[in-house]
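Coordinate analysis (summary)
Each chain is listed here by its residues.
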There are 2 protein chains.
Amino acid sequence: MKILNKHTDYALRALIALGMNPGSRMSAKALSEGQVIPYQFLRRILQELIRSGLVNSKQGVGGGVALAVDPERINVRDVIEIFQGPVQVSECMFRKQLCSNRANCVLRHEIMRIEQLVDDEFSRVSVGKLITDLKRVGEAGKSRHVHETN
Amino acid sequence: MKILNKHTDYALRALIALGMNPGSRMSAKALSEGQVIPYQFLRRILQELIRSGLVNSKQGVGGGVALAVDPERINVRDVIEIFQGPVQVSECMFRKQLCSNRANCVLRHEIMRIEQLVDDEFSRVSVGKLITDLKRVGEAGKSRHVHETN
DNA sequence: ATTATTTGATACTAAATTAGTATCAGTTTA
DNA sequence: TAAACTGATACTAATTTAGTATCAAATAAT
Ligand code: FES
Ligand code: FES
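These numbers come from a predicted model, not from an experiment. (Residues numbered from 1 in each chain as written. Chains lettered and ligands numbered in written order. Predicted model: local features only at pLDDT ≥ 70, side-chain atom pairs only at ≥ 80, totals over all residues. Heavy atoms only, no water.)

Below, the discussion takes up the overall build of chain A. Of the regular secondary structure elements, chain A holds six helices and two strands. Shown N-terminal to C-terminal, the secondary structure of chain A runs as helices and strands in the order α-α-α-β-β-α-α-α. For chain A, long-range pairs separated by at least 24 residues make up 67% of all intrachain contacts whose partners lie at least 6 apart in sequence. Summing over all exposed atoms, chain A offers an accessible surface of approximately 7500 Å²; the carbon and sulfur share of this is 50%. (Helix = DSSP H or I, 4+ residues; strand = E, 2+ residues; numbered from the N terminus. Contact = heavy atoms within 4.5 Å. Areas by Shrake-Rupley, 256 points an atom, 1.4 Å probe, with all protein chains shown as cover.)

The environment of DNA strand C is made up of 25 residues, and the closest members are A:Ser57, A:Gln59, B:Phe41, B:Arg44 and B:Gln59. In DNA strand C, the atoms that sit within 4 Å of the protein are 53% sugar and phosphate, with bases accounting for the remainder. Between a base oxygen of DNA strand C and a main-chain N or O atom of B:Gly60, the distance comes to 3.3 Å. The set of elements that each furnish at least two residues to the surface near DNA strand C consists of α3 (39-52) and β1 (55-58) of chain A together with α1 (6-20) and α3 (39-52) of chain B. (Near = heavy atom within 4 Å. Polar contact = N/O pair within 3.5 Å; in protein donor to acceptor, adjacent residues only side chain to side chain.)

The next subject is the side chain of B:Ser32. Structurally, B:Ser32 is set in helix α2 (residues 28-35). If we ignore the near neighbours within four places in the chain, the residues touching B:Ser32 are B:Ile37, B:Pro38, B:Tyr39 and B:Leu42.

What follows is about the packing of aromatic side chains. Residues and elements named next belong to chain A. A full pass over the atoms with the stated rule returns two aromatic pairs over all chains. Where Tyr 10 meets Phe 41, the ring centres are 5.6 Å apart and the plane angle is 85°; that geometry is what we call edge-to-face. Placement of Tyr 10 in helix α1 (residues 6-20) and of Phe 41 in helix α3 is noted, with a sequence separation of 31 residues between them. Owing to a relative accessible area of 25%, Phe 41 belongs among the partly exposed residues under this scheme. (Phe/Tyr/Trp six-rings, centres within 6.5 Å; stacked < 30°, edge-to-face > 60°. Buried < 20%, exposed > 50% of the residue type's maximum accessible area, 1.4 Å probe, protein only.)

Counting residues in hydrophobic clusters, the biggest one holds 74 residues, and the most contacted among them are A:Leu49 and B:Leu49. In this structure A:Leu49 touches A:Ala11, A:Leu15, A:Leu54, A:Val55, A:Ile82 and A:Phe83, once residues within four positions along its chain are discounted. (Core = buried A, V, L, I, M, F, W, Y, C linked by side-chain atoms within 4.5 Å.)

Residue and element names in this part refer to chain B. Both faces of strand β2 (residues 64-67) are covered, namely the face carrying Gly 64 and Ala 66 and the face carrying Val 65 and Leu 67. Looking at chain direction, strand β1 (residues 55-58) and β2 are connected through four bridges and run antiparallel. When the sheet's bridge partners are listed, Lys 58 is paired in β2 with Gly 64. (Pairing = 2+ DSSP bridges.)

A few words on α1(A). All names here are of chain A. The end-to-end C-alpha distance of α1 is 21 Å, a good match for the 21 Å that 15 residues give at a rise of 1.5 Å each. By the criterion of burial, α1 is predominantly enclosed, with 12 of the 15 residues buried. Thr 8, Asp 9, Tyr 10, Ala 11, Leu 12, Arg 13, Ala 14, Leu 15, Ile 16, Ala 17, Leu 18 and Gly 19 are the residues of α1 that are buried. The opening residue of α1 is Asn 5, an N-cap whose side-chain oxygen sits 3.1 Å from the backbone nitrogen of His 7. (Expected span 1.5 Å × (residues − 1).)

What follows covers the pattern of salt bridges. Summed over all chains, the structure comprises 14 salt bridges over all chains. Among the salt bridges present, the one from B:Asp9 reaches B:Arg13, with a minimum N-O distance of 3.6 Å. Of this pair, B:Asp9 and B:Arg13 are both found in helix α1, four residues apart, which corresponds to roughly one turn of the helix. Taken as a pair, B:Asp9 and B:Arg13 share a single burial class, namely buried. Here B:Asp133 makes a salt bridge to B:Lys129, at a shortest N to O gap of 3.0 Å. Note that B:Asp133 and B:Lys129 are positioned in helix α6 (residues 127-141) at a spacing of four residues, about one turn of the helix. Taken together, the shared-partner salt bridges in this structure form one network comprising A:Arg77, A:Glu81 and A:Asp119. (Salt bridge = Lys/Arg side-chain N within 4 Å of Asp/Glu carboxyl O.)

Next up, the structure:
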């Protein structure tokens, strides 16, 4: 049961990389090589991040993408939502009118509670926090990359 | 981002149905009709529940499945684990030795925290609790079915 | 102006997972 | 011995996720 998919994972890595040296504009190519993410795949992910307003872009030589908002104000929840839709544990479909008392459904109720909890927790983790933590650890540890799912 | 898949969902519905009238043994056919779950699919799900020890089975006429353990001692986490594996938000693969300080990875750390939280919460929801709640609500509401994902 | 570098838009393929179906052998009861 | 069951297992279909490819348009440097 995996919660983050590659889109989300790569997006987070890219955002963190962009936030590491503030104000930096990086090309998809550079990011792809730095974070070891398939170029074309990353391109599409970046395009979504641009559409969502989290990063801005500039075409042409010397162009690339940069954070459009303070990394403190980007949280993991946002990114999950962009690539995987809102957290929802399960959803009743009223399939063929069978579910006549959705409002009273206990399982649904419990599940929504947990769903909310997960949502809140992911909201609490900002890219900014990840960056500052990474930097602090980096002082000692010295590793370049960011994170790798699978 | 859906957390429960159909296997888990149907399994839970079956377990709840079995627990509703204690000691009852029901055939896959009856369960399938009662809960509106595709018969052959449910059969395989039940077979897994049997293997896992949560229910026992009896072959032949009048046979079927029944809960093997107290519904209070079956929780949603158990069922998720059977059908979707352990909760794991994401996992570092050490792909090509790039991830040299997994232990210090901040994203991983945060994610494991949330993972643990989700796990704990699902552990807290027992089939028994769902049943008693359902019964209480059922007094008033009067609906037959259990829950429906999608 | 021309060329190299970059994103924008979008279509496509491949792999993996999830959902669902089918079949036949063996057990139990009537 | 027939009917109602589960056990085991193989199979197909649908959906989602992951990844590739292409071409147009923008920008900057030469
Ligand atoms: S990148 Fe490997 S553990 Fe985070
Ligand atoms: S079954 Fe419809 S809400 Fe639970």
